[in-house]
Amino acid sequence: MDKSEEKAEEIVSKDNLSEHDMVVSDDKKNVSNICQEAFTLESSIIINQDTIQKEQIGYSCNQCKEKFVKRSILFAHQQLLHKDRENFKCDVCDQKFEFRSHLSRHLISEHKCCNDFACDRCEKKFMKKSSLFTHQKLVHKDNENFTCNKCEKKFENKLTLFKHKKIFHEVFKDYLCEKCAKRFRNKNILLKHIKTVHDSLKYYACNKCEEKFRIESHLLFHLKTVHKSQRDSVLKAFNNYSCDNCGKKFGNKQSLLAHIKTVHENRKDYACDQCEKKFGYKSNLFIHLKTVHEGRKDYTCDKCKKKYKQKSYLLVHQKTVHEGRKDYTCDKCEKKFGYKSDLLQHQKIIHDGRKDYACDKCEQKFGKKSNLLRHQKVVHEGSYDFACDNCEKKFGNKPTLLLHQNTVHEGRKDYVCDKCEKKFTQKQHLLTHLKVVHENRKDFACDRCKKTFGLKSNLLSHQKTVHERRKDYACDNCEKNYGDRRNLKKHQNTVHQGRNDFT
């Protein structure tokens, strides 16, 4: 054995064999410092050395002769197997237990002991004050010892720090916004983000109405929706990147690539580690974590103090509720809406005649899911939870109750026709009156005889009585049948009650 091998052998530690140096022979094979046997793979020499260590180096139990690599493991083995195992004694009844958990269960079930000692940091409770001190010493001592070398944020443990680095500092985006945790590739983009988003600086002004916006895309959307005359020229100037799949255009290549990835490839690369929900954009993941799992509502309206999860929700609220703006106009009936979703829903239900929500019990269809749920609750479940405090009549929803109170008990007719001064209890009734009476519109045509009607209910009644020859309303006095409820009422009043005011 030469001097280099002797020196290597001296380095081998009895307590930790894995730290000893490996000697490489002239033929580039790994040679063990203990038995001098050569191996092709480095993993093989580690297994060999570990086996020899267990045989030659270790701590033997003086009762069962079992060997252990560390003295601490030997001590634990002796405590569990060879010593009196009933080391945990109940202070109330002196009963002994093998494990601490058994003692704790005994105290709770037999002596009704409570966890009276609560940790002021995590609210975990303990039965003994000593257990609380041990918990605080082990769990909360020297909190936030792990500091990120990029943003200097501190964490309680190494795993949390590792996750933070992976999420916020990967892919060479080392510039972190301290306010929203968004990452950027360079300092200039970060500073621009802070100025526009958090300092609310608005660089993009509309040349039509002088309204200002933080982001160029917001200005383009404003021009597109509010000033339709400039829409085509603006879109042509800025939308240079077109999607080959759907033809949608984008102002930059990055937005186009993100669109292809999320829409056409259906990729959702960002998963929530708490509920496993996936997102196509990392920004959406951050919003989800903040609003759903942390329950944060950081944006408060300065006028009504209502809180919102996202700034965009707050801005829409202020625009529609406090400013009264309705920027979305239906191109078929010119009705205006404050939300684009309301416009799309209006077009789908009113103009397209779509009713996508069908009741599975009576097959009645509805345009809105909320209307279907209300129908099922009231009609099929018989749930009338809203009672009138004046006449104790019950209703299936609150708006119907309020309408009943306003019209029946207060006699209110708040909607007046400006042409004939006729009054109505509901706005919809006024609009129908204007359309049918003063505009003489008859939008509902019978597909059998081409007769037109101003109201859909009149069309349905016509088809039922004329073409289907149905008479569903029977008089309980003379068993005469009528196709219309009003004709039945008129018959009962004039024939059976002798009234002559129905001519």
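Residues numbered from 1 in each chain as written. Predicted model: local features only at pLDDT ≥ 70, side-chain atom pairs only at ≥ 80, totals over all residues. Heavy atoms only, no water.

### Quick look at the overall build of the chain
As a reminder of what qualifies: Segments assigned H or I by DSSP are reported as helices when at least four residues long, segments assigned E as strands when at least two residues long, and all are numbered from the N terminus. For each residue, the accessible area found with a 1.4 Å probe, counting protein chains only, is set against the maximum for its type, and the residue is called buried under 20%, exposed over 50%, and partly exposed in between. Throughout, a residue-residue contact means that at least one pair of heavy atoms, one from each residue, lies within 4.5 Å. Per-residue accessibility takes into account occlusion by the displayed protein chains alone, with areas from the Shrake-Rupley method and a 1.4 Å probe.
Secondary structure assignment for the chain yields 18 helices and 33 strands. Out of the 503 residues in the chain, the part that is buried amounts to 24%. Within the chain, residue pairs in contact and separated by at least 24 positions form 5% of the contacts whose partners lie at least 6 positions apart. For the chain, the exposed area adds up to about 37100 Å²; of that, 47% sits on carbon and sulfur atoms.

### Considerations on helix 15 (residues 398–409)
It helps to recall that an α-helix has 3.6 residues per turn; residues three or four apart then point in one direction. The condition is simple: Helix span is expected to be 1.5 Å times the residue number reduced by one. Throughout, the arc means the angular range of directions from the helix axis out to the C-beta atoms.
When the terminal C-alpha atoms of helix 15 are compared, their 16 Å separation across 12 residues agrees well with the 16 Å that a helix rising 1.5 Å per residue should span. By the burial criterion, the buried members of helix 15 are Leu401, His404 and Gln405. An end-on view of helix 15 places all buried positions within 95 degrees of arc, on one side of the element. The positive-phi residue at the C-terminal boundary of helix 15 is Gly411, with phi of around 60 degrees.

### Here's the deal with a positive patch on the surface
Under the convention used in this document: The patch calculation keeps residues exceeding 30% relative accessible area without a salt bridge and links them within 9 Å when they carry like charges or within 5 Å when they are nonpolar (Val, Leu, Ile, Met, Phe, Trp, Tyr). By convention in these notes, a salt bridge is any Lys or Arg side-chain nitrogen within 4 Å of a carboxyl oxygen on Asp or Glu. In this tally, Asp and Glu contribute negative charge and Lys and Arg positive charge; neither His nor the terminal groups of the chain are included. To locate a charge, take NZ of a lysine, CZ of an arginine, CG of an aspartate or CD of a glutamate.
Together, Lys326, Lys335, Lys368, Arg374 and Lys427 make up a positively charged patch on the protein surface. Looking at the secondary structure, you find Lys326 in the loop between helix 12 (311–322) and strand 22 (328–329).

### Thoughts on the environment of Arg121
Within the element layout of this structure, Arg121 appears in the loop between strand 8 (117–118) and strand 9 (125–126). Judged by its relative accessible area of 55%, Arg121 falls in the exposed class. Spatially, the C-alpha atoms of Arg121 and Gln136 are 8.5 Å apart, while their sequence positions differ by 15 residues.

### Quick look at the pattern of salt bridges
In total, this model carries 21 salt bridges according to the counting rule given. Between Asp269 and Arg267 there is a salt bridge, with its nearest N and O atoms 2.7 Å apart. Its relative accessible area of 42% is what places Asp269 among the partly exposed residues. With its nearest N and O atoms 3.9 Å apart, the salt bridge here joins Asp472 to Lys464.

Keep in mind these numbers describe shape, not what the thing actually does.
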